[in-house]
Amino acid sequence: MIIIGSYCLSTSASFANVTAFSQKIYRPILNNTERFSFELKTDYLKKLMATKTPNIELKDSYAYIVNENGKLAVNLVNSKGLPQNIEKKIKKIFLSKAKMVLPDDIPNWLGDHKYIKDKDGYSFYEDESGLLETSVIKVKAEENTFEIIEIRPTGEITTLYIYSVHNWSNGKLVLDRVRRTSSEGNQSTTVETQLLYKYVKGLGWLLHKLNTETSQEITSGVANDVIRKLSEHYEFVNYKIGSK
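Predicted model, so just to flag it, every value in this text is computed and none were measured.

Definitions and cut-offs
Residues numbered from 1 in each chain as written. Predicted model: local features only at pLDDT ≥ 70, side-chain atom pairs only at ≥ 80, totals over all residues. Heavy atoms only, no water. Helix = DSSP H or I, 4+ residues; strand = E, 2+ residues; numbered from the N terminus. Contact = heavy atoms within 4.5 Å. Areas by Shrake-Rupley, 256 points an atom, 1.4 Å probe, with all protein chains shown as cover. Buried < 20%, exposed > 50% of the residue type's maximum accessible area, 1.4 Å probe, protein only. Pairing = 2+ DSSP bridges. 1 Å grid on protein atoms, 1.4 Å probe; cavity = no way out; pocket = protein on both sides within 12 Å on 5 of 7 lines; lining within 4 Å. Points joined across faces, edges and corners; volume = space filled by probe spheres on them. Nonpolar A, V, L, I, M, F, W, Y, C, P; charged D, E, K, R; others polar. pLDDT = per-residue confidence, 0-100. Polar contact = N/O pair within 3.5 Å; in protein donor to acceptor, adjacent residues only side chain to side chain. Salt bridge = Lys/Arg side-chain N within 4 Å of Asp/Glu carboxyl O.

Counting its secondary structure elements, the protein chain contains three helices and 12 strands. Excluding contacts between residues fewer than 6 apart, the proportion of contacts in the protein chain whose partners are at least 24 apart in sequence is 50%. Taken as a whole, the protein chain presents about 13,800 Å² of accessible surface, with 48% of it coming from carbon and sulfur.

Quick look at the structure:
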C-alpha cells in the first residue's frame, strides 16, 4: 500500500466519494487489535543473496512481525552473522510486505494534498507547498477498483487496486490484486501483486500468501526491451493475538 502521510483535505464531493469507497473495503479483526504477531516466510531473499552476495550465506530466514498499536516491528530469525547493512535491507523488504496485512484508509493516501478539480473521471489533488515528493495526485474510484496516479518531477507512478466481494467478506470488497507501474525517462517498471486469503480459527479470514511479479523495461525508438523479470512469494503464518 502507498502511504503518503496524514491527510488534511478540503471538503469536496470528490473526497466524499473517496471516503465512501474506503468504507466498502473489508478489514480483518486485526485492524481493531492493539497487539498481534505473525511470521512471514519466503525463499526469495535466500535466492537473491546467493546471486548478489555469494560470499554471504543466508540460512532459511524468516521474519517474526509484531504489531503494537498500528506500528509494525520486524525481527529476523536465523540472521546471525549478517552485515548490518544487509540485515537492514532485508528488514525493509519484509516490512513492505507485512504492511499488506492491514488495509489502509484510502483518504490517508492523499496526504497533505489539497483538492483542486475533477476532470476526465479523475479527482486532482495538489501539493501547494511545493515541498512534497509528489506534486499532483489523481484518483479514480470505480465499482471494484481504485486508481492512484502520482505525478513527480522524475516521472509518474500509477497504482491500480483491484477488489472483489468474497463469500466470506459480508459484502465488503477484498483486495485481490495490485498493479503498480512507474516510469522515469525511458525506463518503466511494472509490479503485479496477487493476494490470497485463508481462514484462521478465532481470527477470521486473513492474508495468507503474497505473489509478486516484477518486470523492468527500457523503451527505445523501435521496441521495448525487457531487462529484468523476477518473482517473489511470501507466506503469512502463525497469527497470534497478544504476546508471543
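What follows is about the pairing of strand β7 (residues 145-152). Here is the key point about a regular strand: its side chains alternate between the two faces of the sheet. Most of β7 sits inside the fold, with six of its eight residues counted as buried. For strand β6 (residues 136-141) and β7, the ladder comprises six bridges, and the chain directions are antiparallel. In the sheet register, V139 faces β7, and the bridge partner there is I148. Bridge count between β7 and strand β8 (residues 155-165): eight bridges; the pairing is antiparallel. From the neighbouring strand, I149 faces β8, where its bridge partner is T158. Two successive antiparallel strands, β7 and β8, enclose a turn made up of two residues.

Here we take up empty space enclosed by the protein. One pass over the structure, following the stated rule, counts one cavity of 30 Å³ or more. Here the largest cavity is characterised by a volume of approximately 130 Å³. If you trace the largest cavity, you find 15 residues lining it, with Y26, M100, V101, P103 and Y197 closest to the centre. Put simply, the parts of the chain that give the lining of the largest cavity at least two residues each are β9 (173-184), β10 (187-200) and β11 (204-219). Among the elements that make up the lining of the largest cavity, the one with the highest residue count is β11 (three residues). The class makeup of the residues in the lining of the largest cavity is 15 nonpolar, no polar and no charged.

Mean pLDDT over the protein chain stands at 82; residues scoring 70 or higher make up 85%. Between residues 1-12, whose pLDDT stays under 50, and residues either more than four places distant or in other chains, the model counts 41 contacts.

What follows covers the pairing of β6. Counting buried positions over the six residues of β6 gives five, a clear majority of the element. Sheet analysis places strand β5 (residues 122-126) next to β6, joined by four bridges and oriented antiparallel. Paired with E126 across the strands is V136, a residue of β6. Between β6 and β7, which pair antiparallel and follow one another directly, the connecting turn spans three residues.

The next subject is unusual backbone geometry. Of note in this structure, N170 is not a glycine but carries a positive phi near 55 degrees. For N170, the location among the structural elements is in the loop between β8 and β9. Relative accessible area serves as the criterion here: at 76%, N170 is assigned to the exposed category.

By the element assignment, H113 lies in the loop between α3 (84-98) and β4 (114-119). Classification of H113 as buried rests on a relative accessible area of 0%. Engagement of the side chain of H113 in a polar contact is seen with the backbone oxygen of T134, the distance being 2.7 Å.

As enumerated under the stated definition, the model contains eight salt bridges in all. Between R179 and E192 there is a salt bridge, and its shortest N-O distance comes to 2.7 Å. Taken together, the residues R179 in strand β9 and E192 in strand β10 connect sequence positions 13 residues apart. When salt bridges with common partners are traced through the structure, they connect E133, E150 and R152 into a single cluster.

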